[in-house]
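A look at the structure
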Amino acid sequence: MNIDKRLVRKDSLEKLFDILKQNSKKIYAPFLKNGKTTFRDAESFAGISTGHIQTSESSKDIAFPRAEKILDYSKSKEGLSVKGIDLKNLPGVILWGVRPCDAVGIGELSSIFNWDYKDEIYNNRLSQVTVFGFSCNKSDEYCFCTSVGGNPGNTAGSDILFTCMGEDGDYLAEILTEKGMTVVSIAPDLFEKSETDEKEKFLAVVPVRFNHKEISEKLDKFFESKEWIDQSLRCLGCGACAYVCPTCACFDIQDEAHGKSGSRIRCWDSCGFSHFTLHTSGHNPRDVQSARWRQRIMHKFSYMPERLSVYGCTGCGRCSRACPVDMNILENLISIQEVTL
Amino acid sequence: MMDNLYMPYPMRIERITYEAPGVKTFMLKFVNEADQDKFSYRAGQFGEYSVYGVGESTFCIASTPTRKGYIECTFRQTGKVTNALSGCEEGSIIGFRGPYGNVFPIDEWKGKSLLFIAGGIALPPMRCVIWNALDLRENFKDVTIIYGARTVKDLVYKDELKDWELRKDVKLVTTVDPGGESPDWSGEIGFVPTIVEKIAPSSKDTIAIVCGPPVMIKYTFPVLAKLGFADENIYTTLENRMKCGFGKCGRCNVGKLYVCKDGPVFSLAQLKELPDEY
Amino acid sequence: MVDLIKRAKELIETSAVKVVIGYEQGTGNKTRALFVEKAEDAGKLIFDSRCVQNLAVYITKKEIKEKGKMAIAATLPVMRSIIQLASEFQVNDNNLLVLGITAESKLIEFANLVEVETFVHQYQIEIDVRNKEMLDKLGKMTQAERWKFWIDELAPCFKCYACRAACPMCYCHRCTVDFNQPQWIPVPSHELGNLEWHIMRAIHLTGRCIDCDACYNACPLSIPINLLTKKMLEDAKEHFGGYQPSLKGDHLMSTYKPDDKENFIH
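Throughout, residues of each chain are indexed from 1 in the direction in which the sequence is written. Each chain takes a letter, starting from A, and each ligand takes a number, starting from 1, following the order in which they are written. For a predicted model such as this one, the threshold for reporting local features is a pLDDT of at least 70, and the threshold for listing and counting side-chain atom pairs is 80 or more; totals across whole chains, interfaces and linings nevertheless cover every residue.

Time to look at the sheet that holds strand β2 (residues 26–33) of chain A. Residues and elements named next belong to chain A. Each pair of strands is called paired provided DSSP finds at least two bridges between the two strands. Only DSSP runs of H or I reaching four residues or more are called helices, and only runs of E reaching two or more are called strands; each is numbered from the N terminus. On the basis of which strands lie adjacent, the open sheet formed by eight strands has the order β3-β2-β6-β7-β8-β9-β1-β10 and mixed pairing. Lying at the two open borders of the sheet, with one neighbouring strand each, are β3 (36–41) and β10 (192–193). Pairing geometry for strand β7 (residues 129–134) and strand β8 (residues 160–164), over three bridges, is parallel. Opposite Gly-133, over in β8, you have Leu-161 as the bridge partner. Helix-sheet contacts for helix α1 (residues 12–22) involve β1 (4–8), β2 and β6 (93–98), and the interaxial angle to β2 is about 130°. We call two residues in contact if the C-beta atoms placed from their backbones are at most 7 Å apart. For helices, the axis comes from a line fit to the C-alpha atoms of the stretch in contact; other axes are also lines fit to C-alpha atoms, and the angle between any two N-to-C directions lies between 0 and 180 degrees.

Residues and elements named next belong to chain C. Close contact between helix α3 (residues 76–87) and helix α4 (residues 113–120) brings their axes to 10 Å; oriented N to C, the two are set at 125°. By the criterion of interaxial angle, the relationship of α3 to α4 is oblique. When the axes of α3 and α4 are compared, the crossing they make is left-handed. Where α3 approaches α4, its residues Leu-76, Met-79, Arg-80, Ile-82, Ile-83 and Ala-86 are matched on the opposing element by Leu-113, Val-116, Glu-117, Phe-119 and Val-120. All residues other than Ala, Val, Leu, Ile, Met, Phe, Trp, Tyr, Cys, Pro, Asp, Glu, Lys and Arg, Gly among them, are scored as polar; the first ten of these are nonpolar and the last four charged. Each residue belonging to the contact of α3 with α4 can be placed in one class, and the counts come to nine nonpolar, no polar and two charged. Convention used here: angles under 35 degrees read as roughly parallel, angles over 145 as roughly antiparallel, angles from 65 to 115 as roughly perpendicular, and any remaining angle as oblique. Left-handed is the label given to a crossing in which the near helix is rotated counterclockwise from the far helix by less than a right angle, and right-handed is the label when the rotation is clockwise.

Attention now moves to the interface of chain B and chain A. Interfaces are often described in size by the accessible area the parts lose on coming together. In this complex, chain B contributes 32 residues to the contact, which on the side of chain A involves 42 residues. Each residue belonging to the side of chain B that touches chain A can be placed in one class, and the counts come to 15 nonpolar, eight polar and nine charged.

Let's shift gears to the sheet that holds strand β10 (residues 188–189) of chain B. Residues and elements named next belong to chain B. As summarised here, the arrangement of the seven strands in space is β10-β9-β8-β7-β11-β12-β15, forming an open sheet in which the pairing is mixed. The two strands at the open ends of the sheet, each matched to only one other strand, are β10 and β15 (265–267). Pairing of strand β7 (residues 113–119) with strand β11 (residues 206–211) involves six bridges; the strand directions are parallel. Bridge pairing links Leu-114 to Ile-207 in β11.

Residue and element names in this part refer to chain B. Throughout the structure description, domain borders are defined by an automatic or database domain assignment. The domains assigned to chain B are domain 1 (9–100) and domain 2 (106–237). Here domain 1 and domain 2 have C-alpha centroids that lie 24 Å from each other. If you look at the interface, domain 1 gives 15 residues, while domain 2 gives 16 residues. When residues of the side of domain 1 that touches domain 2 are traced back to their parent elements, those giving at least two are β1 (9–20) and β5 (71–76). Tallied by class, residues from the side of domain 1 that touches domain 2 come to eight nonpolar, five polar and two charged.

Here we take up the environment of Phe119(C). Residue and element names in this part refer to chain C. Within the secondary structure, Phe-119 is located in helix α4. Each C-alpha atom of the pair Phe-119 and Gly-100 lies 9.4 Å from the other, and the pair is 19 residues apart in sequence. Apart from residues lying up to four places away in sequence, Phe-119 is in contact with Met-79 and Gly-100.

Regions with low pLDDT should not have their predicted coordinates read in detail. Across chain B, the average pLDDT comes to 94, with 99% of residues at or above 70. Strand β2 (residues 23–30) of chain B holds the highest mean pLDDT among the elements of chain B, 97, whereas helix α6 (residues 214–226) of chain B holds the lowest, 92. Values of pLDDT, which run from 0 to 100, indicate the predictor's confidence residue by residue.

Across the junction of Gly263(B) and Pro264(B), the peptide omega takes the value 10°, indicating a cis bond. Take Pro264(B): it is sitting in the loop between β14 (257–258) and β15. The amide bond that connects Gln181(C) to the next residue, Pro182(C), takes the cis arrangement and shows omega of 0°. Along the chain, Pro182(C) turns up in the loop between α7 (162–166) and α8 (191–205). Here the phi dihedral of Asp168(A) falls at roughly 60°; this positive angle occurs in a residue that is not glycine. The topology assignment puts Asp168(A) in the loop between β8 and β9 (171–175).

For the rest of this paragraph, the subject is the confidence of the model for chain C. The predicted model of chain C has a mean per-residue pLDDT of 95, with 100% of residues at 70 or higher. We note a pTM of 0.95 for the whole complex and an ipTM of 0.94 for its interfaces.

Turning next to the domain arrangement of chain C. All names here are of chain C. The domain architecture assigned to chain C consists of domain 1 (2–120) and domain 2 (129–254). Contact residues are listed per partner, giving 19 residues for domain 1 and 14 residues for domain 2. Mapped onto the side of domain 1 that touches domain 2, the elements with two or more residues apiece are α3 and α4. Broken down by element, the residue count for the side of domain 1 that touches domain 2 peaks at eight residues, all from α3.

Below is the structure:
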C-alpha cells in the first residue's frame, strides 16, 4: 500500500502549530523542565523540545490520565444520585512529538483497555487524540525498540509521522490515517507532495540486542529461577518504572468524599509496590521484591503476548533511565537470554 | 450516555441477616426494574459492592440464580469497605457491579454425586452452587456437605444448615475445631480435613468442591487425593485481591490467568499449573 | 579502590559478614549498588565521585538483612544515615560493619557504631550553596508566590514514591500513605494528593533527614523536593539549634522538654 508522503518545510512546523491552535486544538508537546523533558500543554511553539532522545514519562496520560474521575455521586434527602462522566465534549488534542516507541505503545495500551470488556472512558479519550509521531534521528544505550519488533521510523500508532531529513532539515510527513488527513486538510499548503524514498538514512541505528521470541519461550520455564532474586536485590519497590512506561496500565480505584458528595477516581498503580497484592487478611501472594520484579517481566514478555497477542514493551528504555537504582531492563533481558536453564 | 464499565447498579438492601460475629448477609434488590429484567448470573460469579465515598469490595454472589428477583452477598467486617457496609441499614442504597468471573460448570456435573467441603467464611462462595444443585436435585446422585468453623458461633447460614440437616436427600456433616464446641453441640469435633478423612466420602463419579482458608485447603487436597479424587474433579474458588473485576487493573493476574476473568472458579488441575501467587 | 576490594574479599572469605554493600559500574556513566556475597565478586567494587546513592537504604531491606551480618561502604552521608537508623533501633553492631570512606577516598574500618558516630560528629550538616540560594529566594517570596511555586513544581509528580523508596529514613513497613482507615493522604496524584504527600513526608523527616539528596536524585522528574527537607533543616537550626544523628541523643520531634519554646503557637 502506498503511503501518502508529504514534504513539510522546517519553517512550516510553527505555522502548522499556530493553525492548529487557531482551530482550538489542545496541543501536548515535550518541554524541558528541571533538566527533564516532559509533555506539557503547549501554548506556543517556542520551547518545544526536539533535541531530546526520549521524554522522561510517556504520553499515556493523554488517554489514561494518572488520576481521573470515573463517576460522581451526591447524597441528599431525595436520595442518592450517581452520575457518570460525560466525555462527549472533549476538545481535540494533538499529541505532538511522540517517538515511534510511544506511538506503538498506544496500540498495546489499547489492547488492555479493550480486552473483552471495552473501556469506553479510555476509548473516548483516545478518539479525541491525533498523534504526531517524530522519528528518531539518534538513540542511546537504553533504546531497544528493534529488539521488540519496532524501529526508529515505525509508523504504527501515529496519525502523521514526521521524519527530519538531515540536521536542520525539512520534514518528510507520512500521512497514515484519516485523522492525519483531516490535519492536512486544515493546512493543505504546508503539506507539499513528495515522492522521496529517503527516510532510512536519516533514522538512528538501533542494534538488535536480544531475540524477543526466544525470551518469551524461555520465560515459560524460568519461573523458579534464582535469577529473579539476583536481578532484583537493589530494586527498592517504587513505581517509577511502571509510571513512565507507555504500556503499563495497572490502576487503583479510590473513592473521595467531600461531605455529602464525592467522586470515584481511577489512578495509576504499580505491581512493584509491596501492597499491590496484599489481602485485607494480611496474606500477600507476592511479599518479596523478587516476586514482584518477576511479575513485571513475566507480564510484559510472557503473559501479555500469550493472552493479548501484543508485547508489553516497546523498547523505549524509559524505565531504565528513570530507575533510581539503575535496574536496566535491557541488561536483565539479555541476561535472561544468556542464562542456561 | 456511553457505557461506563465502572457504573454500579443501584441496589436496595432488602434484608440484613446477622450470621456470626462480624459476618452479615445482605439481600439486595435492584432499584430499577429495568436493570433487574436484564440481569442474569450463574453460580460462581462475583460482584463489586460499593459504598459511595468509601469504596468497593469484592464478594461472590452467594444466592442461587435459580431464584429470581434478588441477589445475596455475605461478608465479614474486616477492612474499610466492609466496615462501612456493616454500618448500612435495611433500605439503604449501595452499588453493585457484576456479574464477573467464570462459573461452576454445574451442567457438566449432571448425573454425578457432589461433595461440598467448606470452612468458616468460605461457605458463602459455595452457597450459590449448593442451592443451585439442590434446586435441581434430580440432576445429581448423592449430595454431601461437610462444613466446619472455628467455633459454633462462627458457623454461618445457621438456619440453612438446619434445613440441609433435615433434608433426606442431603448428607450434612458439621464440625467445629477442637475446643470450639458448645455444651449442646451434637456435630463433629475436629478440623475439616480430619473430618473429611473420617467420613471418607466415595470418589466414584463424584465432584468435590472445596473452599476455605489457605491452611484448610492445604490439608484437604491431599485427603481427597488419598480418597481417589482426580485433580480435574476437584474444584475451588479463589479469593484474590481484586479491583476492577474485568481484567484491566492487573491486581489479580496470576501467571497467564486473571482470577477475575479466568476464575474465580478453578479445578485443582488448573490450579496446579499456576504459580503459587494467590 | 584497592583497599576496599581487599577488605571486602577478606570479610566474605572469613564469613565475618555475609554480604558487602558497595558500588559498582552501572549503565553508561551511572554507578549502582552492588551486593558482594562471593569473594570473587569483590573485584567489581568501585568508588569515585559518582557514587552518591545513599546505600543505607539497603540495611533495612528484609531481603538483604536476612542474609546475615552486613558490611557497607559508607561515605559521610551514609554514615550519618546509619547512626540515625541505629538511634531508631533499625540496625546495630551485631548486624552491621561500617567500612568508612573519607572525603579523600581513604578507607577507615570502624570497630563499632560509636566510632562511626565520633567520626560523623566532626562535621556539621551544611546545606550546599546552590540550594541555600534557592531557599533564600523562596524565603523572599510572598506566601502566595511561594504557594504557586510549589503547586507548579509538584504538578508533574505522579506519586511513584521513588523519593520514599530511596530515602534510608523511610523504612516503615506500612507508610502513612498505606493506611486507609482513615485514608490520611489521598492516593491519586492530583494537586491535593501531591501536596499532602510531600508536606507530610517533609514533616516526618524533620530532625531525621541528613540532607543526602537521595530523594531528589531518585525523582524521575527531577522535582526539587529536597528543598522541602532542607528548609526543615534550616528551621530546626533556627528553632532548636540544629541536630546531629546521635546514638543516644534526644530525637528532635519526639522529645518534649518543659522549657521548649512555644512562641510559634499563635
